[in-house]
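A closer look at the structure
Residues per chain, in single letters:
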Amino acid sequence: MSTDPTTEDPAEHRARVLAEFAATINPQKVRVMRAAGLDLIEAERSGAWVEDIDGRRFLDCFTSAGSFNVGRRHPRVVAAAKRAVDTLDHGNFLLVSEQTAALATRLAGIAPGNLDCTMFGCGGGEAIDFALKLARGATGRPRIVSTVNGYHGHTGFALSAGGRAAFREPFEPLMPEFGLVPFGDVDALRAAVDATVAAVLLEPIQGEGGIIVAPDGYLASARQICDDAGALLILDEIQTGMGRTGRWWASEHFDVEPDIMTVAKSLGGSLVAISATMFSEDLREFLIPNPFIHLSTFGGSDVACSVALEVIDVIEDEGLLANATARGAQLHAGLAAIAAAHPDQVADVRGLGLMAGIQYAEDSMGPRMSFHLAQHGVLAVYSGNQPSVMRLMPSLVATEADIDHLLGGLDAALDDLLHGRGLPEETAPVRPRRRPPRGA
Ligand SMILES: Cc1ncc(COP(=O)(O)O)c(C=O)c1O
């Protein structure tokens, strides 16, 4: 018989869920979360905030790595989802769908340049997989160039393009003809791109890599290098897109138009799984002889497309791009002041709009700061590929008072750290135990 969570004591409730998760999903994940003070169980989710089952409220600055741009359970998005499930389901993926066509048309209206065509999927990795398949298929070339510390997901092609060896090595050999260059290094990119390269895949701002904004001129040079070699430029806007930086797409800050762009996360409005790979009509030629060459049963489902259409309307109607710019300016000014006040602890602050990162002096400070921030009502997680960097990506509905709360939390958390208050049992990032090599 299952336990009734509505009558259970909150502490027992939390312990039970953690134990079930550890037993059936992964005990190490629970340990890592505990060490970072993040072993909380989300309950009420609303706008920029989340409350856990113990009744603690947090400003959500992780937002599932930028998935809640319109906030969590935005009332208009929830209403659109309810309307959709009253009359629709995910639909027959082989048939022509009204909702899918409507969303593709709407996306074409906000996408940069001539990216008028879309292939839908369920997640970011799937969107990247298709982008890379399309690049190889359309150019007839094998090679893909991506960047050290870049992150594009854990599916086949996406993982092969990933910039962190620890994620790739256990599964090698992965896709052949993939290579990495350092992010931001124009000369290295130029040296790597020749007539055998199908595509260069870049994030305009490396998210998991530690909120590294493309240096001035880098994306424009990448565009030129691709054009010179006849290669395609793919921009992964899965974290940076949908208004996160104050424009629909981060590429707009750099005045660069990609040949292919990937979108996911916030397109689903915190409710549904949906992703989009966008490309030009020229590239679509490759799909005309065989329109079934890439299929996804759940990709671009009728319910998900209905929700995504509402998400785009909400971003426009509520002026969330302007809010991301204004709140971003407030956040960056506050971060600069914190960095100036703590030169020994804070090595750098950076970002664009509401995609910000604070680089601490050393790696273990990321997890420790997650712990202290949680004590001050801020949910924030250090970067996957760079634990010294705390990423701060609140929802675009965050108010001035919310950003003040975040800045106050950062100050208080640094103070706790300096005075050694309430340190977690394990303060360093917990690393998975290495498996002995095969045959050992
Ligand atoms: C830049 C970027 N690309 C791709 C992905 C993969 O998306 P998903 O987890 O939906 O497969 C992520 C996820 O964090 C991401 O940040």
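1. Let's talk about the site of the ligand
Close contacts around the ligand come from 15 residues, with Gly-123, Gly-124, Gly-125, Gly-153 and Ile-238 the closest. Here the shell around the ligand takes three residues from helix 6 (residues 124-139), the largest share from any one element. For the shell around the ligand, the class distribution of residues is five nonpolar, seven polar and three charged.

2. Details of the sheet that holds strand 12 (residues 275-279)
With mixed pairing, seven strands are arranged side by side in an open sheet as 4-12-11-10-7-5-6. Edge strands, defined here as strands with exactly one partner in the open sheet, are strand 4 (117-121) and strand 6 (178-181). Across the sheet, the axes of successive neighbouring strands diverge by a mean angle of 20°, strand direction being ignored. Two elements, strand 11 (residues 260-263) and strand 12, share four bridges in a ladder whose sense is antiparallel. Counted as the bridge partner of Val-263 is Ala-276 from strand 12.

3. Some points on the domain arrangement of the protein
Taken as a whole, the protein is organised into domain 1 (10-70 + 319-418) and domain 2 (75-317). Contacts between the two partners involve 27 residues from domain 1 and, on the opposite side, 30 residues from domain 2. At the level of elements, helix 3 (63-66), helix 14 (320-341), strand 13 (346-352), strand 14 (355-360) and strand 17 (386-392) are the ones that each hand at least two residues to the side of domain 1 that touches domain 2. At five residues, helix 14 tops the list of elements feeding residues into the side of domain 1 that touches domain 2. Per-class residue counts for the side of domain 1 that touches domain 2 are twelve nonpolar, 13 polar and two charged.

4. Remarks on unusual backbone geometry
Residue Pro-173 follows Glu-172 across a cis peptide bond; omega there is 5°. Of note, Pro-173 is situated in the loop between helix 8 (165-168) and strand 6. Even without being glycine, Ala-65 reaches a positive phi, approximately 55°. Turning to its location among the elements, Ala-65 is positioned in helix 3. Positive phi is not limited to glycine here, since Ser-270 has a value of about 75°. Mapped onto the elements of the fold, Ser-270 is located in the loop between strand 11 and strand 12.

5. Brief notes about the packing of helix 14 against helix 16 (residues 400-418)
Viewed as axis vectors pointing N to C, helix 14 and helix 16 meet at an angle of 20°, and their least axial separation amounts to 10 Å. Judged by the inter-axis angle, helix 14 sits roughly parallel to helix 16. The hand of the helix 14/helix 16 crossing is right-handed. Between helix 14 and helix 16, the residues in contact are Arg-327, Gln-330, Leu-331, Gly-334 and Ile-338 and Glu-400, Ile-403, Leu-407, Leu-410 and Asp-411, respectively. Grouping the amino acids of the contact of helix 14 with helix 16 by side-chain chemistry returns five nonpolar, two polar and three charged.

6. A few points about the environment of Gly-246
Position of Gly-246 relative to the elements: it lies in the loop between strand 10 (232-236) and helix 11 (251-254). For the pair Gly-246 and Ser-370, spaced 124 residues apart in sequence, the C-alpha to C-alpha distance is 26 Å.

7. Things to note about the sheet that holds strand 1 (residues 42-46)
As a general point, the strands of a sheet are linked pairwise by backbone hydrogen bonds and lie either parallel or antiparallel. One open sheet holds the four strands; their spatial order is 1-2-3-15, and the pairing between them is mixed. Looking along the sheet, the strands with just one partner apiece sit at the ends: strand 1 and strand 15 (378-379). Bridge count for strand 1 against strand 2 (residues 49-52) is three bridges, and the pairing is antiparallel. Residue pairing in the sheet places Ser-46 in a bridge with Trp-49 of strand 2.

8. Quick look at the pairing of strand 14
Most of strand 14 is tucked away: six of the six residues are buried. Residues Met-355, Gly-357 and Gln-359 of strand 14 are buried on one face, and the alternating residues Ala-356, Ile-358 and Tyr-360, pointing to the opposite face, are buried as well. Across six bridges, the pairing between strand 13 and strand 14 is antiparallel. Paired with Val-349 across the strands is Ile-358, a residue of strand 14.

9. Looking at the pairing of strand 7 (residues 197-202)
Most of strand 7 sits out of view: six of its six residues are buried. Relative to strand 7, strand 5 (residues 143-147) is paired through three bridges, and the arrangement is parallel. Directly across from Val-145, in strand 7, lies its bridge partner Val-200. Sheet topology places strand 7 next to strand 10; four bridges connect them, and they run parallel. Residue pairing in the sheet places Ala-199 in a bridge with Leu-232 of strand 10.

10. Let's talk about the nonpolar core
Membership of the largest hydrophobic core comes to 127 residues, with the highest contact counts inside it found for Ala-135, Ala-199, Val-200, Ile-234, Met-278, Val-307 and Ala-308. In terms of residue count, helix 13 (residues 302-317) provides more of this core than any other element does, ten residues in total. Here this core spans two domains, and each of domain 1 (10-70 + 319-418) and domain 2 (75-317) adds at least three residues to it. When residues no more than four places from it in sequence are discounted, the contact partners of Val-307 are Val-77, Ala-80, Ala-81, Ala-84, Gly-268, Gly-269, Leu-271 and Val-272.

Procedures and definitions
Residues numbered from 1 in each chain as written. Predicted model: local features only at pLDDT ≥ 70, side-chain atom pairs only at ≥ 80, totals over all residues. Near = placed C-beta within 6 Å. Helix = DSSP H or I, 4+ residues; strand = E, 2+ residues; numbered from the N terminus. Nonpolar A, V, L, I, M, F, W, Y, C, P; charged D, E, K, R; others polar. Pairing = 2+ DSSP bridges. Axes fitted to C-alpha atoms, helices over the stretch in contact; angles between N-to-C directions. Domains from an automatic or database assignment. Contact = placed C-beta atoms within 7 Å. Parallel < 35°, antiparallel > 145°, perpendicular 65-115°, else oblique. Left-handed = near helix turned anticlockwise from the far one by under 90°. Buried ≥ 20, exposed ≤ 12 C-beta atoms within 10 Å, placed from the backbone. Core = buried A, V, L, I, M, F, W, Y, C linked by C-beta atoms within 7 Å.

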